[in-house]
Amino acid sequence: MLARSSVRGVLTMMIGALQSSVREHSRGASARGFRRSVLFSSAAATVFVGIIGCASITFGAAIVGRTRHVGLNPQPAMELDVLKAKYRRPAFIPFPRENPYTPEKASLGKRLFFDTRLSLSSSQSCASCHSPGFSWGDGLSVGVGHGMVKLGRRSPSIVNTAWATTFMWDGRWESLEEQALDPIQSAGELNMPIERLMDRLASVAGYKLLFAAAFPDEGMNPKTLADAIATYERTVVSDHAPFDAWIEGAEGAIPEQAKRGFVIFNTKGRCASCHEGWSFTNDGFHDIGIPSDDPGRARQLPQITKMNHAFKTPGLREIVRRGPYMHNGSIATLEEVVEHYDQGGIDRPSRSDLIGPLGLTSQEKVDLVAFLSTLTSNAAATTVPVLPR
Amino acid sequence: MPRLALVALSIAGVALGALSAVALVADHTVHQQGRKFSFQSAIIKKGTPLTFVNDDTVPHNVASTTKGNEFDLGSQPPGASTDVTFTEAGEVQVICAIHPRMRMMVSVRD
């Protein structure tokens, strides 16, 4: 058993080690950055020279100078209580000014979310891939769409999306409202032309009344459809977990092993560099070295090397019930996930500089999994709505 | 609080804001800390280098895909400082490719 003071001591020591590691890393990376800058400047110069008489080449680019190392003040070791405060649950759900919460909108959105009539075949709904029974995923390696055809990526959980910045594994949508209409119309997913869907919903008397109540000035249209679904999705928030009780001061809420795992998560494991904050994600994009041909974020940012094979960092709430893991469901268990990070995955130019062999001990790996297990709640059952006819 | 004090505070706030903008022009440096750029927008003269310093605890990847001023600093580790010189006048969207909340606009003037 590790006493509270020991946990604090280990935390201080590990943060110190991590800072040394980052400084070491910085020196090497500065040299690489300089080489990249020279290469980039050369490339820009080449384009500049080559532009004469060749209108198809993009003219101009910013000039990147050499990278210098600047001294940073060493970060003071963070007290355990200060660190824990960073994981405190927020007091309210944020709703955007352009689509504020109303109970009528959320109620309509819930019905639409669970309604299979949103698909061309009338056999699949949003909830088919984002089921409350699987912590708002589907428990499959990759999603299954129209005609039971497998998709290329795992269905992400929609839990805590109210706090998200970008949506989909490659971050191609910047709002839940934009995102909501994508799978409905996608040929591989619900395969439903939006005009046809609006005609279908307009033929349901109950929906006319619900849209009129939720959007008295706008009525039924693709925008209000998306607004309603997005509003409902923002209400899907992970329940209190044992970890939350510990954060709020109940020392006995999680085992000592999990407390040690929390320290490793924030230091030697480097997990919190990306899985940070109460929902355990900063929405960042990283190539974590998973074997896959999927370009990921590079579909949106093909010019940026580090975006190849990069995917959005998922939150970790309810994580025990959300396997299999990774963007392609290629890792079955949390133990294997920890093993992947300890090994560092495939070393390639796009791999995040935060990913690499960690040198975790067997005990540290067990502690990490014990900690991750405390992030899962005893979720209350979600009622399936009665759908309008 | 007396109304006069509030007015004085407001004027001080506006002045401080103006000074921040001037400070940027003076040292041409954008810091990255706490997964944020130190400025949401900046004005710079074409051909004058703008320095991006990563004084955060994690790598950043400052970049722009704005036509005419494209660049990619790649993974910039904590403690690294890199100059970027914009060659075309106009509005340039600068991002951290890793952290989508990090965005700023650079207005490049002739």
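Residues numbered from 1 in each chain as written. Chains lettered and ligands numbered in written order. Predicted model: local features only at pLDDT ≥ 70, side-chain atom pairs only at ≥ 80, totals over all residues. Heavy atoms only, no water.

The subject of this paragraph is the overall build of chain A. When helices and strands are tallied, chain A shows 12 helices and three strands. Counting all 389 residues of chain A, 50% fall into the buried class. Considering only contacts in chain A between residues 6 or more positions apart, those separated by 24 or more positions represent 69%. (Helix = DSSP H or I, 4+ residues; strand = E, 2+ residues; numbered from the N terminus. Buried < 20%, exposed > 50% of the residue type's maximum accessible area, 1.4 Å probe, protein only. Contact = heavy atoms within 4.5 Å.)

On the side of chain A, 40 residues touch chain B, which itself brings 40 residues to the contact. Buried surface at the junction of chain B and chain A, summed over both partners, amounts to about 3,200 Å²; 57% is from carbon and sulfur atoms. Counting the surface chain B buries against chain A, the share from its top three residues, Asp72(B), Pro100(B) and Arg101(B), is 16%. Along the contact surface separating chain B from chain A lie four salt bridges. At the boundary of chain B with chain A, the tally comes to 17 residue pairs in polar contact (both at pLDDT 80 or more). Looking at the side of chain B that touches chain A, the elements that each hand over two or more residues are β4 (49-54), β6 (71-72) and β7 (80-85) of chain B. Of the residues forming the side of chain B that touches chain A, the biggest block, six residues, is contributed by β7(B). (Buried area = accessible area lost by both parts, 1.4 Å probe. Salt bridge = Lys/Arg side-chain N within 4 Å of Asp/Glu carboxyl O. Polar contact = N/O pair within 3.5 Å; in protein donor to acceptor, adjacent residues only side chain to side chain.)

A separate point is the nonpolar core. All names here are of chain A. Counting residues in each nonpolar core, the largest one holds 33 residues, and the members touching the most others are Tyr87, Phe243, Phe262, Phe265, Phe280, Phe371 and Leu372. Looking at this core, the elements with two or more residues in it are α2 (80-85), α9 (242-247), α10 (256-266), α11 (334-343) and α12 (362-373). In this view, phenylalanine 262 contacts Leu80, Leu83, Lys84, Tyr87, Phe243, Trp246 and Phe371; residues no more than four positions away in its chain are not counted. (Core = buried A, V, L, I, M, F, W, Y, C linked by side-chain atoms within 4.5 Å.)

So, on to the packing of helix α3 (residues 103-114) of chain A against helix α8 (residues 222-234) of chain A. Residue and element names in this part refer to chain A. At a minimum axis separation of 7 Å, α3 and α8 run at an interaxial angle of 95 degrees. Judged by the angle between their axes, α3 and α8 are roughly perpendicular. Contact with α3, carried on its side by Lys105, Ala106, Leu108, Gly109, Lys110, Leu112, Phe113 and Phe114, involves Leu225, Asp227, Ala228, Ile229, Thr231, Tyr232 and Glu233 of α8 and no other residues of that element. Its residues placed into classes, the contact of α3 with α8 shows nine nonpolar, two polar and four charged. (Axes fitted to C-alpha atoms, helices over the stretch in contact; angles between N-to-C directions. Parallel < 35°, antiparallel > 145°, perpendicular 65-115°, else oblique. Nonpolar A, V, L, I, M, F, W, Y, C, P; charged D, E, K, R; others polar.)

This next bit is on the sheet that holds strand β5 (residues 62-64) of chain B. Strand order in the open sheet formed by five strands is β3-β9-β8-β5-β6 (chain B), with mixed pairing between adjacent strands. The sheet terminates laterally at β3 (41-45) and β6 of chain B, the two strands that pair on one side only. (Pairing = 2+ DSSP bridges.)

Our focus in this paragraph is α8(A). Each turn of an α-helix holds 3.6 residues, which means side chains three or four residues apart point in the same direction. Residues and elements named next belong to chain A. With 13 residues, α8 should cover 18 Å at 1.5 Å per step; its first-to-last C-alpha distance of 18 Å lies within 8% of that length. In terms of burial, α8 is a largely internal element, 11 of the 13 residues being buried. For α8, the complete set of buried residues consists of Thr224, Leu225, Ala226, Asp227, Ala228, Ile229, Ala230, Thr231, Tyr232, Glu233 and Arg234. Each element contacted by the buried residues of α8 is listed here: α3, α5 (176-185), α6 (194-202) and α7 (205-214). Two or three places before lysine 223, at the opening of α8, asparagine 221 has a side-chain oxygen 2.9 Å from that residue's backbone nitrogen. (Expected span 1.5 Å × (residues − 1).)

Residues and elements named next belong to chain A. By the definition in use, this model includes 28 salt bridges over all chains. Close ionic contact of glutamate 318 with arginine 321 constitutes a salt bridge, the shortest N to O distance being 3.1 Å. A single salt-bridge network, built from bridges that share partners, covers Arg153, Asp170, Arg172, Asp182 and Asp294.

This part is about the packing of aromatic side chains. All names here are of chain A. If you walk through the whole model with that rule in mind, you get 24 aromatic pairs over all chains. For the ring pair phenylalanine 243 and phenylalanine 262, a centre distance of 5.8 Å and an interplane angle of 50 degrees mean the geometry is tilted. Placement of the pair is phenylalanine 243 in helix α9 and phenylalanine 262 in helix α10, with a sequence separation of 19 residues. Overall, phenylalanine 243 belongs to the buried group, its relative accessible area being 0%. Here phenylalanine 262 falls in the buried class, since its relative accessible area comes to 0%. Taken together, the ring pairs in this structure connect Tyr87, Phe243, Trp246, Phe262, Phe265, Phe280 and Phe371 into an aromatic cluster. A cation over an aromatic ring shows up here: lysine 84 above the ring of tryptophan 246, its NZ or CZ 4.0 Å from the ring centre. We note lysine 312 situated over the ring of phenylalanine 167; from NZ or CZ to the ring centre the distance is 5.2 Å. (Phe/Tyr/Trp six-rings, centres within 6.5 Å; stacked < 30°, edge-to-face > 60°. Lys NZ or Arg CZ within 6 Å of the ring centre and 35° of its normal.)

Turning next to the packing of α5(A) against α8(A). Residues and elements named next belong to chain A. Direction vectors running N to C along α5 and α8 enclose 110 degrees, while the axes themselves pass 8 Å from each other. Overall, the two elements α5 and α8 adopt an arrangement that is roughly perpendicular. Where α5 approaches α8, its residues Leu176, Glu177, Gln179, Ala180, Leu181 and Ile184 are matched on the opposing element by Pro222, Leu225, Ala226, Asp227, Ile229, Ala230, Glu233 and Arg234. Considered class by class, the residues forming the contact of α5 with α8 number nine nonpolar, one polar and four charged.

In this section: the confidence of the model for chain B. All names here are of chain B. Taken over all residues, the pLDDT of chain B has a mean of 84, while the share at 70 or more is 76%. Note that residues 1-11 has pLDDT below 50 and, in this model, two contacts with residues that lie over four places away or in other chains. Across residues 13-23, where pLDDT falls below 50, the model places two contacts with residues more than four positions away in sequence or in other chains. (pLDDT = per-residue confidence, 0-100.)

Here we come to the sheet that holds strand β1 (residues 63-69) of chain A. One open sheet accounts for five strands, arranged β1(A)-β7(B)-β4(B)-β1(B)-β2(B); its pairing is mixed. Taken across any chain shown, the strands that pair with only one partner, and hence form the sheet edges, are β1 of chain A together with β2 (36-37) of chain B. In terms of strand pairing, β4(B) meets β7(B) through five bridges, oriented antiparallel. Across the sheet, residue Val53(B) finds its bridge partner in β7(B), namely Ser81(B).

What follows covers unusual backbone geometry. Residues and elements named next belong to chain A. For the bond running from glycine 323 to proline 324, omega is -5 degrees, close enough to zero to count as cis. Mapped onto the secondary structure, proline 324 falls in the loop between β3 (311-312) and α11. Of note, the phi angle at arginine 270 is positive, near 60 degrees, even though the residue is not glycine. Although it is not a glycine, glutamate 318 sits at a positive phi angle of roughly 60 degrees. On the secondary structure map, glutamate 318 appears in the loop between β3 and α11.

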